[in-house]
Structure formats: structure tokens, C-alpha cells
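Spelled out, the chains give:
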Amino acid sequence: MASLEDNHRQVLLKLARSAIWSELLQDKSIIVKPKDIPSSLKEKRGCFVTLHKGGSLRGCIGTIEPTITLLSCVEENAINAAFRDPRFTPIGRDEIDAIDIEISVLTVPRQIKFRDGEDLKRKIIPGVHGVILSQGYRRSTFLPQVWEQLPQIEDFLEHLCLKGCMTRSAWQEPRTCVQVYEAEYFSEKQLFS
């Protein structure tokens, strides 16, 4: 995965914030997009937009599969993270200035074949891999950044199972589909402070 240039990262962060303001004010004309869109932002990529307030999660929505351009993916997921994350009330005008926006640009997920839990643990790289677990219609993912809160691989995978309404040990079952991806992530706090 080629890393995005800092100026392209800044474009995406400004787009995300302006998309949230646009939704708040019901005014599409305030969305900030570049006149000449760099080719890296036209590529189809998966991404997540994460909102933090005072260091705590305030919303996070994303698209894992690369189905639309990165520019469109960031715009859509910024709005979704701010107003449609079912875990939180929608962002209000009074708090938007206190929100720090983080964007994670994903590689295409790849499936890991494994025999058992021990085999799987050898194939996942903590701190690097985002992980997707699927069993039937149940599916959940943790971005690579979640390793900071759950550094032990068993804890990480058990919490991921519970997030997807699976049994705590579902990650050890070979019938569970396990995929990994990597993410390039950056935030307003990093680039604009």
C-alpha cells in the first residue's frame, strides 16, 4: 500500500470535517473538495472515519471493501460516524469543535486459513493487522489501532467475537472466517496541531 502524501491526508481530513458541517447545516455547498483530485484519492479504497471527543470514542463507521473512491468513502463515512453510529447520539453543533477526526485507509482484506486457535495466533500480527471475524451473518472488525487498548492477542480476539455477538471462543473455530488488513491512519490532532 503506497502511503498518502501529507497534503492528501489534509485534503481528506478537511473533507471529513466539512461533510459533517454540511450535514449539520443542511448545506452541501460548504463541502471542501479539491479542484484537481489527485489520482490516489480517486482509487477505490476502504476506509473508516473515527471521531474522538476528549480522548474518548464518539463515533466510528467505515467501509471495509474498496467499492467507491477514497474521496467518496471519507465523505460518506464522516457523515455516518457523526450521525448514524447507533452507539451514540448524533453530533451536535455545540460539540463539533471538540471533535478530533481520524481517518483509516485500508488495504484489501485477505483471508487467513488456520487449523486452530494457536495456528491463528501465529498468523496475526498485533499492532499491524486489523481483523475481521465472520460466522454466518455475524461479522465484526477491529481496526489495527484497537491493539493499543487490547494488546494481548487472546483478549483482542475474544472482544472481537463478543462485538460480533459470537461466543467468546469463536475465533478458535476453523469454521470462523478470519480476514486481516492493514491501515494507514492519521488524524487532525497529528496533522494540524
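Below, the structure is looked at part by part.

Here is what the cut-offs are and how they apply
- Residues numbered from 1 in each chain as written.
- Predicted model: local features only at pLDDT ≥ 70, side-chain atom pairs only at ≥ 80, totals over all residues.
- Heavy atoms only, no water.
- Helix = DSSP H or I, 4+ residues; strand = E, 2+ residues; numbered from the N terminus.
- Rg over C-alpha atoms; globule rule 2.2 N^0.38 Å.
- Buried < 20%, exposed > 50% of the residue type's maximum accessible area, 1.4 Å probe, protein only.
- Contact = heavy atoms within 4.5 Å.
- Areas by Shrake-Rupley, 256 points an atom, 1.4 Å probe, with all protein chains shown as cover.
- Phe/Tyr/Trp six-rings, centres within 6.5 Å; stacked < 30°, edge-to-face > 60°.
- Pairing = 2+ DSSP bridges.
- Axes fitted to C-alpha atoms, helices over the stretch in contact; angles between N-to-C directions.

A few words on the overall build of the protein. Looking only at helices and strands, one finds 6 helices and 8 strands in the protein. Overall, the protein shows an N-to-C arrangement of helices and strands of α-α-β-β-α-β-β-α-β-β-α-β-β-α. Its C-alpha atoms give the protein a radius of gyration of 17 Å, near enough to 16 Å, the size a compact globule of 193 residues would have. Within the span of the protein, comprising 193 residues, buried residues form 50% of the whole. Taking contacts inside the protein between residues at least 6 apart in sequence as the whole, the part at least 24 apart equals 70%. If you sum the accessible surface of the protein, you get close to 9900 Å²; carbon and sulfur atoms cover 50% of it.

This paragraph deals with the packing of aromatic side chains. Enumeration over the complete set of coordinates arrives at 2 aromatic pairs. Seen from their ring centres, F142 and F156 are 5.3 Å apart, and the 70 degrees between their planes marks the pair as edge-to-face. Taken together, the residues F142 in strand β6 (residues 138-142) and F156 in helix α5 (residues 153-163) connect sequence positions 14 residues apart. Taking relative accessible area as the criterion, F142 reaches 12% and is therefore assigned buried. Ring centres of W147 and F156 lie 3.6 Å apart, and the angle between their planes is 0 degrees; this geometry places the pair in the stacked category. Judged on exposure class, the residue W147 and its partner F156 are both buried.

All right, on to the pairing of strand β7 (residues 177-181) then. Counted residue by residue, β7 has 4 buried out of 5 residues, so it is predominantly covered. Two strands pair when backbone bridges link them, and strand β4 (residues 110-112) and β7 are joined in this way by 3 bridges, in the antiparallel orientation. Looking at β7, one finds that R110 is bridged to V180.

What follows is about the sheet that holds strand β2 (residues 56-63). The strands making up a sheet are joined through hydrogen bonds of the backbone, oriented either antiparallel or parallel. The strand order across the open sheet formed by 4 strands is β2-β1-β3-β8, and the pairing between neighbours is antiparallel. Looking at the sheet topology across the chains shown, the edges are occupied by β2 and β8 (183-187). Adjacent strand axes in the sheet meet at a mean angle of 15 degrees when their direction is disregarded. Sheet contacts for helix α1 (residues 6-25): β1 (46-53), β3 (99-106) and β8; angle to β3, the most-contacted strand, approximately 125 degrees. Packing against the sheet, helix α3 (residues 70-83) makes contact with β1, β2 and β3, and its axis sits at approximately 35 degrees to β1.

Remember, this is a structural readout, not a statement about activity or role.
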